[in-house]
There are 2 protein chains.
Amino acid sequence: MAKPTQTAVAEEAHAPGTLSLGMLPDLLGFQLRMAQLATFRDFLETFADLGLTPTLFGALVLVEANPGAKQSELARTLGLDRSTMVSIIDRLEREGWVRRRRAATDRRSNAIELTAAGRRILPEFKRRVAEHEARLTAHLGADEQARLRDLLGRIFPDRR
Amino acid sequence: MAKPTQTAVAEEAHAPGTLSLGMLPDLLGFQLRMAQLATFRDFLETFADLGLTPTLFGALVLVEANPGAKQSELARTLGLDRSTMVSIIDRLEREGWVRRRRAATDRRSNAIELTAAGRRILPEFKRRVAEHEARLTAHLGADEQARLRDLLGRIFPDRR
DNA sequence: TATTGTTATACTCTATAACTATA
DNA sequence: TATAGTTATAGAGTATAACAATA
(Lines give C-alpha, C1' and ligand atoms only; values in the text may rest on other atoms or scores of the structure.)
Protein backbone atom coordinates (compact mmCIF):
# COMPACT_ATOMS: atom_id res chain seq x y z
CA MET A 1 0.00 0.00 0.00
CA ALA A 2 3.03 2.27 0.41
CA LYS A 3 3.17 4.72 -2.46
CA PRO A 4 6.39 6.48 -3.41
CA THR A 5 6.47 10.06 -2.26
CA GLN A 6 5.56 12.43 -5.04
CA THR A 7 8.56 14.46 -6.19
CA ALA A 8 8.32 18.03 -7.40
CA VAL A 9 6.92 18.06 -10.91
CA ALA A 10 8.42 20.01 -13.73
CA GLU A 11 6.43 22.76 -15.45
CA GLU A 12 3.54 21.39 -17.48
CA ALA A 13 4.43 17.82 -16.57
CA HIS A 14 2.35 16.06 -13.96
CA ALA A 15 1.47 12.43 -13.57
CA PRO A 16 -1.56 11.64 -15.71
CA GLY A 17 -4.65 11.26 -13.58
CA THR A 18 -2.92 12.37 -10.39
CA LEU A 19 -2.46 16.02 -9.55
CA SER A 20 -0.07 17.54 -7.06
CA LEU A 21 -1.87 19.16 -4.14
CA GLY A 22 0.75 21.85 -3.73
CA MET A 23 0.56 23.52 -0.31
CA LEU A 24 -2.97 22.27 0.40
CA PRO A 25 -2.04 19.28 2.60
CA ASP A 26 -0.21 21.70 4.90
CA LEU A 27 -3.40 23.66 5.51
CA LEU A 28 -5.51 22.53 8.43
CA GLY A 29 -8.54 24.09 6.77
CA PHE A 30 -8.06 21.93 3.70
CA GLN A 31 -7.65 18.67 5.64
CA LEU A 32 -10.68 19.62 7.68
CA ARG A 33 -12.72 20.27 4.56
CA MET A 34 -11.79 17.04 2.81
CA ALA A 35 -12.36 14.93 5.93
CA GLN A 36 -15.69 16.60 6.56
CA LEU A 37 -16.80 16.15 2.95
CA ALA A 38 -16.06 12.41 2.97
CA THR A 39 -17.68 12.04 6.38
CA PHE A 40 -20.80 13.97 5.35
CA ARG A 41 -21.23 11.80 2.26
CA ASP A 42 -20.86 8.58 4.22
CA PHE A 43 -23.43 9.81 6.74
CA LEU A 44 -25.93 10.55 3.97
CA GLU A 45 -25.41 7.08 2.49
CA THR A 46 -25.84 5.56 5.94
CA PHE A 47 -29.31 7.12 6.22
CA ALA A 48 -30.23 7.23 2.52
CA ASP A 49 -33.49 5.39 3.23
CA LEU A 50 -34.58 7.82 5.95
CA GLY A 51 -33.20 11.08 4.66
CA LEU A 52 -31.61 11.75 8.03
CA THR A 53 -28.85 14.35 7.89
CA PRO A 54 -26.15 15.10 10.47
CA THR A 55 -28.02 18.26 11.46
CA LEU A 56 -31.34 16.44 11.95
CA PHE A 57 -29.65 13.75 14.01
CA GLY A 58 -27.83 16.38 16.06
CA ALA A 59 -31.09 18.18 16.73
CA LEU A 60 -32.75 14.93 17.85
CA VAL A 61 -29.94 14.12 20.28
CA LEU A 62 -30.09 17.66 21.60
CA VAL A 63 -33.84 17.43 22.18
CA GLU A 64 -33.34 14.12 23.97
CA ALA A 65 -30.67 15.60 26.24
CA ASN A 66 -32.64 18.82 26.84
CA PRO A 67 -36.35 18.03 26.87
CA GLY A 68 -38.41 21.18 26.61
CA ALA A 69 -35.63 23.29 25.16
CA LYS A 70 -36.62 26.28 23.04
CA GLN A 71 -36.05 26.33 19.28
CA SER A 72 -33.70 29.27 19.52
CA GLU A 73 -31.64 27.49 22.18
CA LEU A 74 -31.29 24.48 19.89
CA ALA A 75 -30.36 26.77 17.00
CA ARG A 76 -27.66 28.59 18.94
CA THR A 77 -26.18 25.34 20.19
CA LEU A 78 -25.93 23.96 16.66
CA GLY A 79 -24.59 27.23 15.26
CA LEU A 80 -27.66 27.89 13.12
CA ASP A 81 -30.07 30.78 12.70
CA ARG A 82 -33.42 30.43 14.44
CA SER A 83 -35.20 30.71 11.09
CA THR A 84 -33.23 27.69 9.93
CA MET A 85 -34.31 25.79 13.01
CA VAL A 86 -37.98 26.27 12.07
CA SER A 87 -37.68 24.00 9.02
CA ILE A 88 -35.55 21.50 10.93
CA ILE A 89 -38.18 21.16 13.65
CA ASP A 90 -40.85 21.10 10.92
CA ARG A 91 -39.20 18.03 9.39
CA LEU A 92 -38.68 16.25 12.69
CA GLU A 93 -42.28 16.96 13.63
CA ARG A 94 -43.57 15.79 10.23
CA GLU A 95 -41.72 12.49 10.80
CA GLY A 96 -43.43 12.27 14.17
CA TRP A 97 -40.20 12.25 16.18
CA VAL A 98 -40.64 15.51 18.10
CA ARG A 99 -43.49 17.83 19.02
CA ARG A 100 -43.86 21.51 19.74
CA ARG A 101 -45.48 22.44 23.01
CA ARG A 102 -46.40 25.90 24.21
CA ALA A 103 -43.97 26.78 26.98
CA ALA A 104 -45.76 27.53 30.26
CA THR A 105 -43.46 30.25 31.50
CA ASP A 106 -42.89 32.12 28.23
CA ARG A 107 -45.71 31.84 25.76
CA ARG A 108 -43.60 33.22 22.91
CA SER A 109 -41.51 30.07 22.79
CA ASN A 110 -42.02 26.43 21.88
CA ALA A 111 -40.82 23.68 24.18
CA ILE A 112 -39.52 20.89 21.95
CA GLU A 113 -39.64 17.32 23.13
CA LEU A 114 -39.37 13.80 21.77
CA THR A 115 -42.53 11.88 20.98
CA ALA A 116 -42.93 8.23 21.94
CA ALA A 117 -42.04 7.36 18.34
CA GLY A 118 -38.95 9.52 18.58
CA ARG A 119 -37.82 7.82 21.77
CA ARG A 120 -38.48 4.45 20.14
CA ILE A 121 -36.42 5.09 16.99
CA LEU A 122 -33.52 7.07 18.41
CA PRO A 123 -31.59 3.96 19.59
CA GLU A 124 -31.69 2.61 16.02
CA PHE A 125 -30.35 5.93 14.73
CA LYS A 126 -27.57 5.84 17.30
CA ARG A 127 -26.68 2.30 16.30
CA ARG A 128 -26.31 3.32 12.67
CA VAL A 129 -24.33 6.41 13.60
CA ALA A 130 -21.99 4.15 15.57
CA GLU A 131 -21.41 2.05 12.44
CA HIS A 132 -20.77 5.22 10.48
CA GLU A 133 -18.29 6.38 13.11
CA ALA A 134 -16.55 3.00 12.94
CA ARG A 135 -15.95 3.46 9.19
CA LEU A 136 -14.75 6.99 9.82
CA THR A 137 -12.17 5.87 12.34
CA ALA A 138 -11.23 2.60 10.67
CA HIS A 139 -7.62 3.71 10.35
CA LEU A 140 -7.31 5.17 13.83
CA GLY A 141 -6.66 3.55 17.19
CA ALA A 142 -8.95 4.29 20.14
CA ASP A 143 -6.38 6.62 21.66
CA GLU A 144 -5.97 8.44 18.35
CA GLN A 145 -9.72 8.91 18.01
CA ALA A 146 -9.93 10.51 21.43
CA ARG A 147 -6.93 12.68 20.65
CA LEU A 148 -8.48 13.78 17.36
CA ARG A 149 -11.77 14.73 19.03
CA ASP A 150 -9.87 16.70 21.63
CA LEU A 151 -7.78 18.56 19.06
CA LEU A 152 -10.85 19.35 16.94
CA GLY A 153 -12.60 20.72 20.00
CA ARG A 154 -9.80 23.24 20.41
CA ILE A 155 -10.29 24.78 16.95
CA PHE A 156 -12.07 28.12 17.34
CA PRO A 157 -13.46 27.25 20.78
CA ASP A 158 -14.32 30.95 21.09
CA ARG A 159 -16.62 30.86 18.07
CA ARG A 160 -19.02 28.27 19.43
CA MET B 1 -49.41 26.17 6.06
CA ALA B 2 -50.44 23.56 8.61
CA LYS B 3 -49.72 24.94 12.01
CA PRO B 4 -48.65 22.42 14.61
CA THR B 5 -50.91 21.71 17.50
CA GLN B 6 -49.57 23.32 20.61
CA THR B 7 -50.51 22.42 24.12
CA ALA B 8 -49.31 24.14 27.24
CA VAL B 9 -47.01 22.00 29.37
CA ALA B 10 -44.47 22.48 32.10
CA GLU B 11 -40.90 22.70 30.88
CA GLU B 12 -38.38 20.20 32.08
CA ALA B 13 -35.38 21.63 33.82
CA HIS B 14 -32.11 22.34 32.08
CA ALA B 15 -29.54 25.04 32.67
CA PRO B 16 -30.86 28.31 31.23
CA GLY B 17 -28.99 29.42 28.12
CA THR B 18 -26.73 26.40 28.04
CA LEU B 19 -27.84 23.09 26.59
CA SER B 20 -26.30 19.71 27.20
CA LEU B 21 -24.74 18.25 24.06
CA GLY B 22 -25.59 14.70 25.07
CA MET B 23 -23.51 12.17 23.14
CA LEU B 24 -22.53 14.64 20.42
CA PRO B 25 -19.06 15.53 21.75
CA ASP B 26 -18.17 11.83 21.59
CA LEU B 27 -18.89 11.76 17.87
CA LEU B 28 -15.97 12.52 15.60
CA GLY B 29 -18.39 13.55 12.88
CA PHE B 30 -19.90 16.19 15.15
CA GLN B 31 -16.56 17.66 16.21
CA LEU B 32 -15.52 17.67 12.57
CA ARG B 33 -18.67 19.47 11.55
CA MET B 34 -18.47 22.15 14.21
CA ALA B 35 -14.78 22.79 13.60
CA GLN B 36 -15.33 22.96 9.85
CA LEU B 37 -18.29 25.32 10.23
CA ALA B 38 -16.32 27.78 12.37
CA THR B 39 -13.33 27.50 10.06
CA PHE B 40 -15.41 28.06 6.93
CA ARG B 41 -16.99 31.16 8.40
CA ASP B 42 -13.64 32.63 9.41
CA PHE B 43 -12.29 31.98 5.92
CA LEU B 44 -15.24 33.82 4.35
CA GLU B 45 -14.71 36.79 6.67
CA THR B 46 -11.01 36.77 5.83
CA PHE B 47 -11.81 37.25 2.15
CA ALA B 48 -15.10 39.12 2.47
CA ASP B 49 -13.80 41.90 0.20
CA LEU B 50 -12.78 39.50 -2.58
CA GLY B 51 -15.44 36.84 -2.31
CA LEU B 52 -12.77 34.16 -2.29
CA THR B 53 -14.00 30.83 -0.94
CA PRO B 54 -11.98 27.84 0.27
CA THR B 55 -12.87 26.00 -2.94
CA LEU B 56 -11.79 28.87 -5.20
CA PHE B 57 -8.51 29.19 -3.30
CA GLY B 58 -7.95 25.44 -3.46
CA ALA B 59 -8.54 25.47 -7.20
CA LEU B 60 -6.05 28.32 -7.65
CA VAL B 61 -3.35 26.51 -5.69
CA LEU B 62 -4.05 23.35 -7.68
CA VAL B 63 -3.70 25.20 -10.98
CA GLU B 64 -0.46 26.71 -9.77
CA ALA B 65 0.92 23.30 -8.80
CA ASN B 66 -0.35 21.63 -11.99
CA PRO B 67 -0.17 24.11 -14.86
CA GLY B 68 -2.12 22.89 -17.85
CA ALA B 69 -4.26 20.47 -15.86
CA LYS B 70 -7.69 19.63 -17.29
CA GLN B 71 -10.89 20.86 -15.62
CA SER B 72 -12.04 17.34 -14.90
CA GLU B 73 -8.72 16.50 -13.25
CA LEU B 74 -9.11 19.53 -10.98
CA ALA B 75 -12.68 18.51 -10.22
CA ARG B 76 -11.77 14.95 -9.28
CA THR B 77 -8.91 16.13 -7.06
CA LEU B 78 -11.22 18.47 -5.15
CA GLY B 79 -14.00 15.88 -4.94
CA LEU B 80 -16.38 17.86 -7.15
CA ASP B 81 -18.40 17.10 -10.27
CA ARG B 82 -16.99 18.42 -13.54
CA SER B 83 -20.13 20.51 -14.09
CA THR B 84 -19.41 22.21 -10.77
CA MET B 85 -15.88 22.92 -11.91
CA VAL B 86 -17.20 24.86 -14.90
CA SER B 87 -18.60 27.66 -12.76
CA ILE B 88 -15.53 27.65 -10.54
CA ILE B 89 -13.22 28.15 -13.52
CA ASP B 90 -15.72 30.68 -14.87
CA ARG B 91 -15.34 32.78 -11.74
CA LEU B 92 -11.56 32.50 -11.62
CA GLU B 93 -11.40 33.44 -15.30
CA ARG B 94 -13.79 36.37 -14.83
CA GLU B 95 -11.48 37.67 -12.09
CA GLY B 96 -8.62 37.32 -14.56
CA TRP B 97 -6.67 34.88 -12.41
CA VAL B 98 -6.69 31.84 -14.73
CA ARG B 99 -7.27 31.20 -18.42
CA ARG B 100 -8.61 28.30 -20.45
CA ARG B 101 -6.28 27.18 -23.20
CA ARG B 102 -7.19 24.65 -25.88
CA ALA B 103 -5.18 21.50 -25.09
CA ALA B 104 -2.88 20.56 -27.98
CA THR B 105 -3.10 16.80 -27.62
CA ASP B 106 -6.83 16.45 -26.88
CA ARG B 107 -9.00 19.21 -28.30
CA ARG B 108 -11.96 18.23 -26.16
CA SER B 109 -10.26 19.47 -23.01
CA ASN B 110 -9.17 22.80 -21.61
CA ALA B 111 -5.69 23.26 -20.18
CA ILE B 112 -6.10 25.61 -17.20
CA GLU B 113 -3.24 27.90 -16.24
CA LEU B 114 -2.58 30.96 -14.12
CA THR B 115 -2.51 34.36 -15.79
CA ALA B 116 0.16 36.92 -14.92
CA ALA B 117 -2.43 38.61 -12.68
CA GLY B 118 -3.12 35.29 -11.00
CA ARG B 119 0.56 34.70 -10.31
CA ARG B 120 0.82 38.24 -8.99
CA ILE B 121 -2.05 38.02 -6.51
CA LEU B 122 -1.62 34.44 -5.28
CA PRO B 123 1.11 35.33 -2.73
CA GLU B 124 -1.27 37.87 -1.15
CA PHE B 125 -3.97 35.18 -0.95
CA LYS B 126 -1.52 32.80 0.67
CA ARG B 127 -0.51 35.44 3.18
CA ARG B 128 -4.12 35.95 4.21
CA VAL B 129 -4.75 32.22 4.38
CA ALA B 130 -1.74 31.94 6.67
CA GLU B 131 -3.32 34.51 9.01
CA HIS B 132 -6.58 32.58 8.88
CA GLU B 133 -4.71 29.36 9.72
CA ALA B 134 -3.03 31.13 12.63
CA ARG B 135 -6.42 32.01 14.12
CA LEU B 136 -7.58 28.45 13.53
CA THR B 137 -4.68 26.97 15.42
CA ALA B 138 -4.39 29.66 18.07
CA HIS B 139 -4.94 27.11 20.83
CA LEU B 140 -2.66 24.41 19.40
CA GLY B 141 1.09 23.97 19.56
CA ALA B 142 3.07 23.38 16.37
CA ASP B 143 3.38 19.68 17.14
CA GLU B 144 -0.33 19.44 17.81
CA GLN B 145 -1.16 21.12 14.52
CA ALA B 146 0.95 18.63 12.60
CA ARG B 147 -0.60 15.76 14.54
CA LEU B 148 -4.09 17.06 13.79
CA ARG B 149 -3.39 17.32 10.06
CA ASP B 150 -2.00 13.80 10.07
CA LEU B 151 -5.01 12.37 11.91
CA LEU B 152 -7.46 14.18 9.64
CA GLY B 153 -5.65 12.79 6.61
CA ARG B 154 -6.38 9.30 7.87
CA ILE B 155 -10.17 9.77 7.92
CA PHE B 156 -11.66 7.98 4.92
CA PRO B 157 -8.36 7.94 2.99
CA ASP B 158 -10.04 5.44 0.66
CA ARG B 159 -12.75 7.92 -0.32
CA ARG B 160 -10.41 10.54 -1.76
C1' DT C 1 -37.76 47.81 23.43
C1' DA C 2 -36.37 43.11 22.96
C1' DT C 3 -37.23 38.28 21.97
C1' DT C 4 -39.56 34.02 19.77
C1' DG C 5 -41.31 31.80 16.14
C1' DT C 6 -42.56 32.32 11.56
C1' DT C 7 -42.75 33.52 6.60
C1' DA C 8 -41.00 35.19 2.27
C1' DT C 9 -37.17 35.50 -0.18
C1' DA C 10 -32.63 34.99 -2.02
C1' DC C 11 -28.14 33.23 -2.36
C1' DT C 12 -24.56 29.58 -2.49
C1' DC C 13 -23.07 25.14 -3.38
C1' DT C 14 -23.77 21.05 -5.46
C1' DA C 15 -25.32 17.29 -8.53
C1' DT C 16 -28.00 15.12 -12.61
C1' DA C 17 -29.24 14.89 -17.28
C1' DA C 18 -28.90 16.21 -21.83
C1' DC C 19 -26.33 18.44 -25.43
C1' DT C 20 -21.77 19.31 -28.55
C1' DA C 21 -17.51 18.35 -30.06
C1' DT C 22 -14.23 15.60 -30.11
C1' DA C 23 -11.69 11.00 -29.41
C1' DT D 1 -18.85 4.18 -27.60
C1' DA D 2 -16.63 7.06 -24.43
C1' DT D 3 -14.92 11.48 -22.70
C1' DA D 4 -14.50 16.81 -21.82
C1' DG D 5 -16.82 20.75 -21.41
C1' DT D 6 -21.10 23.04 -21.21
C1' DT D 7 -25.91 24.28 -20.14
C1' DA D 8 -30.32 24.02 -17.87
C1' DT D 9 -32.27 22.78 -13.96
C1' DA D 10 -33.27 21.25 -9.38
C1' DG D 11 -32.39 20.38 -4.66
C1' DA D 12 -30.41 21.15 -0.16
C1' DG D 13 -28.85 24.28 3.18
C1' DT D 14 -28.34 28.53 4.76
C1' DA D 15 -29.14 33.49 6.04
C1' DT D 16 -31.60 38.23 6.10
C1' DA D 17 -35.53 41.06 6.76
C1' DA D 18 -40.00 41.85 8.20
C1' DC D 19 -44.02 40.57 10.90
C1' DA D 20 -47.23 39.16 14.98
C1' DA D 21 -47.39 37.73 19.57
C1' DT D 22 -45.49 38.17 23.82
C1' DA D 23 -42.24 39.65 27.31
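Cut-offs used in this document
Residues numbered from 1 in each chain as written. Chains lettered and ligands numbered in written order. Predicted model: local features only at pLDDT ≥ 70, side-chain atom pairs only at ≥ 80, totals over all residues. Heavy atoms only, no water. Pairing = 2+ DSSP bridges. Helix = DSSP H or I, 4+ residues; strand = E, 2+ residues; numbered from the N terminus. Contact = heavy atoms within 4.5 Å. Axes fitted to C-alpha atoms, helices over the stretch in contact; angles between N-to-C directions. Near = heavy atom within 4 Å. Polar contact = N/O pair within 3.5 Å; in protein donor to acceptor, adjacent residues only side chain to side chain. Nonpolar A, V, L, I, M, F, W, Y, C, P; charged D, E, K, R; others polar. Buried < 20%, exposed > 50% of the residue type's maximum accessible area, 1.4 Å probe, protein only. Buried area = accessible area lost by both parts, 1.4 Å probe. Salt bridge = Lys/Arg side-chain N within 4 Å of Asp/Glu carboxyl O. Expected span 1.5 Å × (residues − 1).

- Looking at an unreviewed UniProt entry, chain A carries the name MarR family transcriptional regulator, with the source organism given as Inmirania thermothiophila.

Here we look at the sheet that holds strand S3 (residues 98–102) of chain B
All names here are of chain B.
Stage number 1. Across the sheet, which stays open at both edges, the 3 strands sit in the order S2-S4-S3 with antiparallel pairing between neighbours. The sheet is open, and its two borders are formed by strand S2 (69–70) and S3, each paired with just one other strand.
Stage number 2. Pairing of S2 with strand S4 (residues 110–114) involves 2 bridges; the strand directions are antiparallel. Opposite Lys70, over in S4, you have Ala111 as the bridge partner.
Stage number 3. Taken strand by strand, helix H4 (residues 82–94) contacts S3 and S4, and its axis lies near 115° from that of S3.

Some details on the protein's contact with DNA strand C
Stage number 1. By nearness alone, 22 residues border DNA strand C, and A:Ser72, A:Arg82, B:Asp81, B:Ser83 and B:Thr84 come closest of all.
Stage number 2. Protein-adjacent atoms of DNA strand C, using a 4 Å cutoff, are sugar or phosphate at a proportion of 58%.
Stage number 3. Between A:Lys70 and DNA strand C, the recorded distance is 3.0 Å, taken from a side-chain N or O atom to a phosphate oxygen.
Stage number 4. In this structure, B:Arg91 approaches DNA strand C through a side-chain N or O atom, which is 2.9 Å from a phosphate oxygen.
Stage number 5. Of all the elements in the fold, those that place two or more residues in the surface near DNA strand C are helix H1 (28–46), helix H3 (71–78) and helix H4 (82–94) of chain A together with H4 of chain B.
Stage number 6. Here the residues of the surface near DNA strand C sort into 2 nonpolar, 9 polar and 11 charged.

Structural notes on H3(A)
Stage number 1. Among the 8 residues of H3(A), 6 are classified as buried, and the element is accordingly described as predominantly covered.
Stage number 2. For H3(A), the full list of buried residues reads A:Gln71, A:Glu73, A:Leu74, A:Ala75, A:Thr77 and A:Leu78.
Stage number 3. As for H3(A), its buried residues are in contact with helix H2 (54–65), strand S1 (69–70), H4, strand S2 (98–103) and strand S3 (110–114) of chain A together with helix H1 (28–46) of chain B.
Stage number 4. Positive phi appears at A:Gly79, one or two residues downstream of H3(A), with a value of about 75°.

Examining the interface of chain A and chain B
A common measure of how large an interface is: the accessible area buried when the components associate.
Stage number 1. If you look at the interface, chain A gives 78 residues, while chain B gives 76 residues.
Stage number 2. Interface area for chain A against chain B, summed over the two sides, is near 7400 Å², with a carbon-plus-sulfur share of 62%.
Stage number 3. By the criterion of area lost to chain B, the three top residues of chain A are A:Leu19, A:Leu28 and A:Phe156, representing 9% of everything that side buries.
Stage number 4. The interface formed by chain A and chain B holds 2 salt bridges in total.

Some words on the pairing of S3(A)
Stage number 1. Along S3(A), 5 of the 5 residues are buried, which leaves the element largely enclosed by surrounding structure.
Stage number 2. The side-chain alternation of S3(A) yields two buried faces, one formed by A:Asn110, A:Ile112 and A:Leu114 and the other by A:Ala111 and A:Glu113.

A short note on the protein's contact with DNA strand D
Stage number 1. Near DNA strand D there are 22 residues, and of these A:Ser83, A:Thr84, B:Ser72, B:Arg82 and B:Arg108 occur at the shortest range.
Stage number 2. Within 4 Å of the protein, atoms of DNA strand D come from sugar and phosphate in 62% of cases.
Stage number 3. In the model, a phosphate oxygen of DNA strand D is placed 2.7 Å from a nitrogen or oxygen of the A:Thr84 side chain.
Stage number 4. At 3.0 Å, a side-chain N or O of A:Arg91 approaches a phosphate oxygen of DNA strand D.
Stage number 5. Residue assignment for the surface near DNA strand D shows that the elements contributing at least two residues are H4 of chain A together with H1, helix H3 (71–78) and H4 of chain B.
Stage number 6. Here the residues of the surface near DNA strand D sort into 2 nonpolar, 9 polar and 11 charged.

Brief notes about H1(A)
Stage number 1. With 19 residues, H1(A) should reach 27 Å at 1.5 Å per residue; the first-to-last C-alpha distance of 27 Å fits that figure.
Stage number 2. Taking burial as the measure, the 19 residues of H1(A) include 14 buried ones, the bulk of the element.

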